[in-house]
Amino acid sequence: MFECKLMSADEIFDKAMTSMAPLPSQESCARELASIFSCHLTNVALMDAGLYADELPRQHAIMVAPTGVGKTYLLRHIAAACGVNMIFMDGSSLARDGWKGASFGQQLSAAKRVLGDNDRFARSVLFIDECDKMRLHNHESDVGNVMDNLLQLFNGGDVTVGTDDKQTETIDVSRFTVIMG
């Protein structure tokens, strides 16, 4: 079983700073992210000890900054510093019919297969970048598809995914922390 080491926000920040050289304007964001990752590690440890996800505070974040300032860079280094798996999705792939190319669930399923470690996958942090490019249209089914997917993430629980062979797979996202950029 994958075990995550509890770390304080200061420990995560200090460890991340040894592998990167943030710009002065990135330092406060890196401190906030370290706090989010520390809370994530604590929640995962408490769920592993038997508490239910709905008994714990859910902490998600929105990073607001222009393109190219290093949001992904900061996340990669902070995740590596505390040993948390990161799943990256591009919000600009959201189109009129939902998740373009592959559904939200199929993208999660693919990330799970690539990682190959179910325990580690279940403790991931999901980063949806370019969320300002999500396209929500006036058609009820369009809005429902995208919004239902996002609400499932924010509320935790299970996501049901259709597979290529017409079967379904259930993916537990109760331990996920979601960061939108």
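What comes next concerns the included structure. (Residues numbered from 1 in each chain as written. Predicted model: local features only at pLDDT ≥ 70, side-chain atom pairs only at ≥ 80, totals over all residues. Heavy atoms only, no water.)

Looking at the sheet that holds strand β8 (residues 177-180)
- If you walk across this open sheet you meet the 4 strands as β1-β8-β5-β2, and the pairing is parallel. Whereas interior strands pair on both sides, the edge strands pair on one side only; in this sheet they are β1 (61-62) and β2 (86-90).
- Relative to strand β5 (residues 125-129), β2 is paired through 5 bridges, and the arrangement is parallel. By the bridge assignment, Phe88 is partnered in β5 with Phe127.
- Along the sheet, helix α2 (residues 24-48) makes contact with β1, β2, β5 and β8, crossing β8 at roughly 160 degrees. (Pairing = 2+ DSSP bridges. Helix = DSSP H or I, 4+ residues; strand = E, 2+ residues; numbered from the N terminus. Contact = heavy atoms within 4.5 Å. Axes fitted to C-alpha atoms, helices over the stretch in contact; angles between N-to-C directions.)

Some details on the nonpolar core
- With 24 residues, the main nonpolar core has Ile12, Leu33, Phe37, Leu75 and Ile179 as its most contacted residues.
- Only α1 (9-17), α2, α3 (71-82) and β5 provide two or more residues apiece to this core.
- If we skip the residues at most four places from it in the chain, Phe37 touches Ile12, Leu75, Ile78, Ala79, Cys82, Val84, Met86, Val125 and Ile179.
- Among the nonpolar cores identified, the runner-up in size contains 16 residues, and Ile87, Val173, Phe176 and Met180 belong to it. (Core = buried A, V, L, I, M, F, W, Y, C linked by side-chain atoms within 4.5 Å. Buried < 20%, exposed > 50% of the residue type's maximum accessible area, 1.4 Å probe, protein only.)

Comments concerning the pairing of β8
- Alternating positions in β8 separate into two faces, Thr177 and Ile179 on one and Val178 and Met180 on the other, with burial throughout.
- Here 2 bridges tie β1 to β8, and the two strands are oriented parallel to one another. By the bridge assignment for β8, Ala61 is matched with Ile179.
- Bridge count between β5 and β8: 4 bridges; the pairing is parallel. For Val125, the partnering residue across the bridge sits in β8 and is Thr177.

Limitation: the analysis is restricted to geometry and does not speak to function.
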